[in-house]
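Summary of the model geometry
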Amino acid sequence: MIFVSCSKNSVMIIFSYYSYIIFIPRLTHSHSTYQSLSILSPPGTQFEPANMNAQHILSNFVDSFESCAMQCNMNPPCRIFDYGAIQMNECRLFEGDLGILGAVGTSSMPNSMGGLIQLNPSLFTQYGQLCSSVCIESRYLSCNKNFVCDCILHSYWDASAGMCFPQMTISGAPCQYDMKTCREDLNLTCSPMNQCEVITSVPVPVVGGITVADHNTVIGSSLFIGFSSPVGIAVYGNGDNESLIVVDSTKNEIIHLQYVNSNSKTISVLIRNGTDGISLFRPNYLYLDTEYQNNLYVVDGMNGRVLLLSSMQLYEPPPKNVAGTYGLSGTPPQYLSGPNGITMGNEKSLIIADTFSNRIMLWSTNAASGIMIIGTGDSGSGPTELNSPCGLFFDKQNSLLYVVDKNNHRIQLFNLNLNPPYIGITVAGGNGMGSASNQLNQPSDVWVSEITGTIYIADTGNHRIQCWNRNATVGVTIAGNANGIWGTDSTKLNYPSGLVINKNEIYLYVTDTENQRIQRFDLT
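The shown structure was predicted, so the numbers you read here are calculated from the model rather than taken from an experiment.

With antiparallel pairing, 4 strands are arranged side by side in an open sheet as 26-27-28-29. Strands with a single pairing partner mark the edges of an open sheet, and in this sheet they are strand 26 (342-344) and strand 29 (371-375). For this sheet, the mean angle separating the axes of adjacent strands, direction not counted, is 25 degrees. The pairing of strand 27 (residues 350-354) with strand 28 (residues 359-363) spans 5 bridges and is antiparallel. Bridging from a neighbouring strand, Ile352 pairs with Met361 of strand 28.

Here's what the structure looks like:
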């Protein structure tokens, strides 16, 4: 093994398999943070980067291996170098590391050799401190725009190790979701499954919506004309058979809109308060299990329960109370208190946003009570806390739960593959209430694309629908006014509460609550 020690103007090489030290004098420099220690590869080898275009810094010709080592030491991004690997006297400098970012391979040049700069926490003790001469002169840290010592370009901070490491340059590389592990300049981002992936573009803003139904629509079997306060919405079928189910909260009705995109469209009441003795009191959101007989789960909000309509039928069997206790509320596990969101987890369990109790409950099939899986029961803004949670979306393939944390003005992501307590990661909003592109205002519902991972949000208080890419710091308005201004024309919304996207992700359906209508937006 060979070690090379470089300071800013000197190089010392220690050959461990020889009994001598080669020291090449230069003008010395007093700062130890400009020194580097390298472990060298055997003769006849070269560095093979995972992404040559992204990791190759430069190549030039120098008179010796020692000069090449000095070149790397004087170039802060350089972590690996080789000499004479491709051409005689050629010195190549690279970003990266051995392992994911590259490997040592065989060179056709028998005298070639490479070096890997070794990192240790003592080189990064100035991280996070106000800039000083030490930070300014360091080859491992740089002074950022806030005059704080920070990781150099194309590296990220790992607090557990106390060091900056090279960012990943290839799709599929492992990463940490809450760190800047992936090279964003290469269009890479860290997915919730902790793998670097290519960033997909956010959909462009939509011009205007088409009204599917509104306050003037005749609804079969309804006691009223039109919609009054549409909230939750679900979609099933495709093409001319595409149909919607919508909750009209103040009318206490569940409305079935069949074949909404065809000339055969019919709209009728599926269930309402008083149907065969069934009581509904401010129902809000619903979940349609399209994978199993179209079982419909309705959150009967102010009755503190969830009803199941098997195959959307009222009679065989009749609606069943499957979560919560009718007419009662509170924090005991058998109760729900003003629930306002529902989705289905693994093994047909229900995941319910118990809004007034600031918690997420998991309700297994036929269980008499639920289990609190997220939240504390009290409102809060920490990573394990919630404040009036409502809309939910569950990514079954990856066991990822998205929660609308309404009064914290954010969307939280929880990885249910991990052990509890589950720690939330803010994937949208979280910058206080407001209408800026990095803010939300009392959002109500969320939906996540299975194709791109884009997060769609009903940003209710801002009268708009926002799209956020994975790891994005801002959202894009695709429906409604970007500045949070309400309106009644086709390009505006007024307190939208629910949203859903159809199976092939062509249409976005929105419950435009205060405009008393259902809007369809074309995403193509």
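After that view of the structure, there is still more to cover.
Let us look at the state of the cysteines. Tallied over the entire structure, the rule returns 6 disulfides. Between the sulfur of Cys72 and that of Cys78 lies a disulfide, 2.1 Å long from S to S. Taking the torsion about the S-S bond as the criterion, the Cys72 to Cys78 disulfide, at about -100 degrees, is left-handed. Residue Cys72 shares its accessibility class with Cys78, and that shared class is buried. Here Cys151 pairs with Cys164 through a disulfide, and the sulfurs are 2.0 Å apart.

Residue Pro421 is bonded to the preceding Pro420 through a cis peptide linkage, with omega at 5 degrees. Unusually for a residue other than glycine, Gln442 sits at a positive phi of about 50 degrees. Turning to its location among the elements, Gln442 is positioned in the loop between strand 33 (425-429) and strand 34 (445-448). Its relative accessible area of 34% is what places Gln442 among the partly exposed residues.

About the criteria used
Residues numbered from 1 in each chain as written. Predicted model: local features only at pLDDT ≥ 70, side-chain atom pairs only at ≥ 80, totals over all residues. Heavy atoms only, no water. Pairing = 2+ DSSP bridges. Helix = DSSP H or I, 4+ residues; strand = E, 2+ residues; numbered from the N terminus. Axes fitted to C-alpha atoms, helices over the stretch in contact; angles between N-to-C directions. Disulfide = S-S within 2.5 Å. Buried < 20%, exposed > 50% of the residue type's maximum accessible area, 1.4 Å probe, protein only.

In short, geometric facts, not functional conclusions.
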